[in-house]
Amino acid sequence: MNPIYFIDLFCGIGGIRLGMETQGFECIFSCDINTECQRTYNINFGEMPYGDITQIDEKSIPNHHILCAGFPCQPFSISGKQKGFEDTRGTLFFDICRIIDEKKPPVVFLENVKHLVHHNNGKTLQTILDKLEILGYTVSWRVLNGADFGVPQNRERIIIIGSLLGKFDFDKIKLIPRGRLLESLDNETEGIFEYLSPTEYTLIENPKQQPGSGLIFAGYRNKSIRKVGVRPGTEHLSRVHKQPNRIYSALGIHPTLPSQESSGRFFILTPDNRVRKLTISECWRIMGFPETYIKVSSIGEQYKQLGNSVCVPMIKAVAREIKKQFFGSEQNFESQ
């Protein structure tokens, strides 16, 4: 079987590349403007990504079979200002189109935040789909959750597949039964844990697992609360509704790791009824990165990098179906 080449645009720390390489696809070009991500990518893959995509001549990019792009999500994220294409980062999608138009790869694989579906009443997503169709691609999309691919994190992302070879069938993607955060925690002998004092948090009685997300909200930290302009008797809600104050049980799964949280304020209730901070190694694990992955950035940078990255097993599952549906499956590339 001839090599199947892909390019890795907005590559970040290489989550998409890891998933694609499990299927034998070969990366021949990468780019990302963030210097810390470049360092991490380089030490793990032996390749320094190009920088600003707006400065890259599309003619200089090697011919490839699959264009992968986890293009910037901040313009569309519910955590950001949701400016979409009004944000300069939002216009970077059109740089992807510039490359697609020049190189005409058989398959385009795009990833972004779930909220892209709803941004500007769906008009932003429709603009993206329409542009790909104008370029000649048959397009399909779906919101997938990392929790459905063996990762104990409720991390929903939109995947858009455009193809010159036919329509991609998302129904054929193989899901994995959901696990628990508990199985991804550091051993007591390995981790350096930051436990909270019982006076620093309040647990709720009989916490229930949310049927859709798999989260088990267990309590909240006793942080200072805003009282001005708050109705009497509801002051504590300012604690509960702020994500960094929430505590989730390790018997469920973890909420989405956000890119804005650079201090890692993620707190869990362990089975022995103690509350502690999730360690950085546990964060890497619930994103599906291998234990051998090399980290070179500061802890704060790592939290941001993970918040901007992808669940590797989810990308692997999509990549497997791309190979089967568009490139045949005569040769088994999957790593054991």
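Residues numbered from 1 in each chain as written. Predicted model: local features only at pLDDT ≥ 70, side-chain atom pairs only at ≥ 80, totals over all residues. Heavy atoms only, no water.

*Asks:* I'd love a proper account of the sheet that holds strand β1 (residues 5-9), names of residues and values included.
*Replies:* In sheet architecture, strand pairing relies on hydrogen bonds along the backbone and comes in two forms, parallel and antiparallel. On the basis of which strands lie adjacent, the open sheet formed by six strands has the order β2-β1-β3-β4-β7-β5 and mixed pairing. Of all strands in the sheet, those bounded by a partner on one side alone are β2 (26-31) and β5 (138-145). On average, each strand axis in the sheet is inclined to that of its neighbour by 20°, with strand direction left out of account. Bridging between strand β4 (residues 107-113) and strand β7 (residues 156-163) involves seven bridges; their strand directions are antiparallel. (Pairing = 2+ DSSP bridges. Helix = DSSP H or I, 4+ residues; strand = E, 2+ residues; numbered from the N terminus. Axes fitted to C-alpha atoms, helices over the stretch in contact; angles between N-to-C directions.)

*Asks:* Break down the nonpolar core for me, with residues and values.
*Replies:* In terms of nonpolar packing, the biggest core is built from 51 residues, with Met20, Ile66, Phe109, Ile161, Phe289, Val318 and Ile322 touching the most fellow members. Secondary structure elements with two or more residues in this core: α1 (15-21), α2 (35-45), β3 (66-69), β4, β7, α6 (280-285), α7 (299-307) and α8 (312-327). Sorting elements by how many residues they give to this core places α8 first, with nine residues. Once you skip the residues sitting within four places of it in the chain, phenylalanine 109 turns out to touch Met20, Ile66, Leu67, Cys68, Ala69, Ile159, Ile160, Ile161, Ile315, Val318 and Ile322. (Core = buried A, V, L, I, M, F, W, Y, C linked by side-chain atoms within 4.5 Å. Buried < 20%, exposed > 50% of the residue type's maximum accessible area, 1.4 Å probe, protein only. Contact = heavy atoms within 4.5 Å.)

*Asks:* Pulling in residues and values, what's your account of the packing of aromatic side chains?
*Replies:* Scanning the model with the defined rule gives 14 aromatic pairs in all. Seen from their ring centres, phenylalanine 168 and phenylalanine 326 are 6.0 Å apart, and the 45° between their planes marks the pair as tilted. Residue phenylalanine 168 is located in the loop between β7 and β8 (201-203), and its partner phenylalanine 326 is located in helix α8; the two are separated by 158 residues in the primary sequence. Given a relative accessible area of 2%, phenylalanine 168 falls into the buried group. On the accessibility criterion, phenylalanine 326 (12% relative accessible area) is buried. Connected via pairs of aromatic rings, a cluster forms that spans Tyr41, Phe45, Trp284, Phe289 and Tyr293. Its guanidinium or amino end placed over the ring of tyrosine 195, arginine 274 lies 3.7 Å from that ring's centre, counting from NZ or CZ. Sitting above the plane of the tryptophan 284 ring, lysine 295 keeps its charged end 5.1 Å from the centroid. (Phe/Tyr/Trp six-rings, centres within 6.5 Å; stacked < 30°, edge-to-face > 60°. Lys NZ or Arg CZ within 6 Å of the ring centre and 35° of its normal.)

*Asks:* Explain the side chain of threonine 270 to me, using residue names and the numbers behind them.
*Replies:* Of note, threonine 270 is situated in the loop between β12 (267-269) and β13 (275-277). Residue threonine 270 is classed as buried on the basis of its relative accessible area, which comes to 9%. Of the polar contacts made by the side chain of threonine 270, one reaches the side chain of aspartate 272; its length is 2.2 Å. (Polar contact = N/O pair within 3.5 Å; in protein donor to acceptor, adjacent residues only side chain to side chain.)

*Asks:* Please give an account of the sheet that holds strand β9 (residues 217-221) that cites residues and values.
*Replies:* Spatially, β8-β9-β10-β12-β13 is the arrangement adopted by the five strands of the open sheet, whose pairing is mixed. Edge positions in the sheet fall to β8 and β13, since each has one partner strand and no second. Taking the axes of each pair of neighbouring strands and ignoring which way they run, one obtains an average angle of 30° across the sheet. Pairing between β12 and β13: three bridges, direction antiparallel. Looking at β13, one finds that leucine 269 is bridged to valine 275.

*Asks:* Could you give an account of helix α3 (residues 92-103), naming the residues involved and the relevant values?
*Replies:* The terminal C-alpha atoms of α3 lie 17 Å apart, and with 12 residues this matches the ideal 16 Å at 1.5 Å per residue to within 8%. Leu92, Phe93, Asp95, Ile96, Cys97, Ile99, Ile100 and Lys103 are the residues of α3 that are buried. Along its buried surface, α3 packs onto β1, β3, β4 and α4 (123-134). The positive-phi residue at the C-terminal boundary of α3 is lysine 104, with phi of around 50°. (Expected span 1.5 Å × (residues − 1).)

*Asks:* Run through the environment of phenylalanine 71, naming residues and quoting values.
*Replies:* Examined against the element boundaries, phenylalanine 71 turns out to sit in the loop between β3 and α3. Phenylalanine 71 sits in the buried class, given a relative accessible area of 2%. Sequence separation between phenylalanine 71 and aspartate 32 is 39 residues; the distance between their C-alpha atoms is 9.9 Å.

*Asks:* Give me the environment of tyrosine 293: which residues, what numbers.
*Replies:* With respect to the helices and strands, the residue tyrosine 293 is situated in the loop between α6 and α7. The residues contacting tyrosine 293, other than those within four sequence positions of it, are Ile13, Gly14, Leu18, Thr40, Asn44, Phe45 and Trp284.

*Asks:* I'd like a rundown of the pattern of salt bridges, residues and numbers included.
*Replies:* Summed over all chains, the structure comprises 17 salt bridges. Glutamate 47 is the salt-bridge partner of arginine 17, the closest N and O atoms lying 3.0 Å from each other. Within this pair, whereas arginine 17 is found in helix α1, its partner glutamate 47 is found in the loop between α2 and β3, the two being separated by 30 residues in sequence. Judged by relative accessible area, arginine 17 falls into the buried class, the value being 6%. Of the charged contacts in the structure, one is a salt bridge between glutamate 183 and arginine 180, with a shortest N-O distance of 3.0 Å. Residues joined by salt bridges that share partners form a network here, namely Arg17, Glu21 and Glu47. (Salt bridge = Lys/Arg side-chain N within 4 Å of Asp/Glu carboxyl O.)

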